[in-house]
Amino acid sequence: MEKLRYKYFLWKKIYILFIISFFLFSCKREYELGYYGEEFVPAPEGFLAYGFSASPNPVNFKTGVLNFSAAFSHRVSFVITLKGLSSTATKKINGVGMDPSGVTWDGTHDGLYFFRAGEMVEATLSFFGSSLTLKDTISIAANGEKKFGTLLNSFEKNKGAGPSSGYFG
């Protein structure tokens, strides 16, 4: 009899814990779920884009940045791919919108190769979910300062160890 009472009491506790946890974890969220990572908006059927250009051309990265302009018929995800025609340096810039007017390029690169002064650069505008591409060619008049990282004076402790400037002009 004692064992039956104990089992009944134990099952009653388990049942109450189950009911409490059900109400705790099944409450409605009071916040809206957002995106994790980048937003991808595919180009719909009948999508149009025109007027892709970059200015100023030629660009002087010592005094400014390169600005892009174009017009799209819909809000879409786009990629601007920049490729140096002699150095093969590359840079990809992603965005979402009705135009790339807020997108700028400061002369930085992806990967190992740098863009060179006097080099011609091909800018290609492509769209997520579309085979449409627009191109423009840009000339680099002058490059700005490049940061290669932190240089060390020495690896020895207490012998001038410390970071160097890391900037080269």
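This report concerns the structure included in the present document. (Residues numbered from 1 in each chain as written. Predicted model: local features only at pLDDT ≥ 70, side-chain atom pairs only at ≥ 80, totals over all residues. Heavy atoms only, no water.)

Some points on the overall build of the protein
Each helix and strand in the protein was counted, giving one helix and 10 strands. Traced from its N-terminal end to its C-terminal end, the protein shows the element sequence α-β-β-β-β-β-β-β-β-β-β. Within the protein, buried positions represent 27% of all 169 residues. (Helix = DSSP H or I, 4+ residues; strand = E, 2+ residues; numbered from the N terminus. Buried < 20%, exposed > 50% of the residue type's maximum accessible area, 1.4 Å probe, protein only.)

With respect to the pattern of salt bridges
Evaluated as defined, the whole model comprises three salt bridges. Arg75 is paired through a salt bridge with Glu39; the nearest N and O atoms lie 3.2 Å apart. Taken together, the positions of Arg75 in the loop between strand 3 (66-72) and strand 4 (76-84) and Glu39 in the loop between helix 1 (2-25) and strand 1 (49-55) put the pair 36 residues apart, joining distant regions of the chain. Residue classification places Arg75 among the partly exposed positions, given a relative accessible area of 41%. Residue Glu39 is classed as partly exposed on the basis of its relative accessible area of 23%. Put simply, Asp110 and Lys91 hold a salt bridge, and the shortest N to O gap is 3.6 Å. Residue Asp110 is located in the loop between strand 6 (104-105) and strand 7 (120-127), and its partner Lys91 is located in strand 5 (residues 90-97); the two are separated by 19 residues in the primary sequence. (Salt bridge = Lys/Arg side-chain N within 4 Å of Asp/Glu carboxyl O.)

A look at the packing of aromatic side chains
Tallied over the entire structure, the rule returns eight aromatic pairs. Seen from their ring centres, Phe52 and Phe68 are 6.1 Å apart, and the 5 degrees between their planes marks the pair as stacked. Of this pair, Phe52 sits in strand 1 while Phe68 sits in strand 3, and the two are 16 residues apart along the sequence. Overall, the relative accessible area of 2% leaves Phe68 in the buried class. Geometrically, the ring pair formed by Trp105 and Phe115 is edge-to-face, given 4.9 Å between the ring centres and 75 degrees between the ring planes. With Trp105 in strand 6 and Phe115 in the loop between strand 6 and strand 7, this pair connects stretches of sequence that are 10 residues apart. Phe115 matches Trp105 in its accessibility class, with the two residues each being buried. Counting every residue linked through ring pairs, the aromatic cluster contains Phe47, Phe72, Phe78 and Phe127. (Phe/Tyr/Trp six-rings, centres within 6.5 Å; stacked < 30°, edge-to-face > 60°.)

Looking at the nonpolar core
Ranked by size, the top nonpolar core spans 27 residues in total, and within it Phe68, Phe72, Ile80, Leu82, Trp105 and Leu125 carry the most contacts. Sorting the residues of this core by element identifies strand 1, strand 3, strand 4, strand 7 and strand 8 (133-142) as the ones contributing at least two each. (Core = buried A, V, L, I, M, F, W, Y, C linked by side-chain atoms within 4.5 Å.)

Thoughts on the sheet that holds strand 3
Taken in spatial order, the three strands line up as 1-3-6 in an open sheet, and their pairing is antiparallel. Strands at the two margins of the open sheet, each flanked by one partner only, are strand 1 and strand 6. (Pairing = 2+ DSSP bridges.)

As for the sheet that holds strand 5
Across the sheet, five strands lie side by side as 2-8-7-4-5; this open sheet has mixed pairing. Either end of the sheet is taken by a strand with one partner, and the two such strands are strand 2 (59-60) and strand 5. Alignment of strand 7 against strand 8, held across seven bridges, turns out to be antiparallel. Bridge assignment links Glu122 to a residue of strand 8, and that residue is Thr137.

What about a nonpolar patch on the surface?
Taken together, the side chains of Leu10, Trp11 and Ile14 make up a nonpolar region of the molecular surface, amounting to roughly 330 Å² of accessible area. Summarising the element assignment, Leu10 is placed in helix 1. Of the residues examined, Leu10 reaches a relative accessible area of 38% and is grouped as partly exposed. (Patch = residues over 30% accessible without salt bridge, like charges linked within 9 Å, V, L, I, M, F, W, Y side chains within 5 Å. Areas by Shrake-Rupley, 256 points an atom, 1.4 Å probe, with all protein chains shown as cover.)

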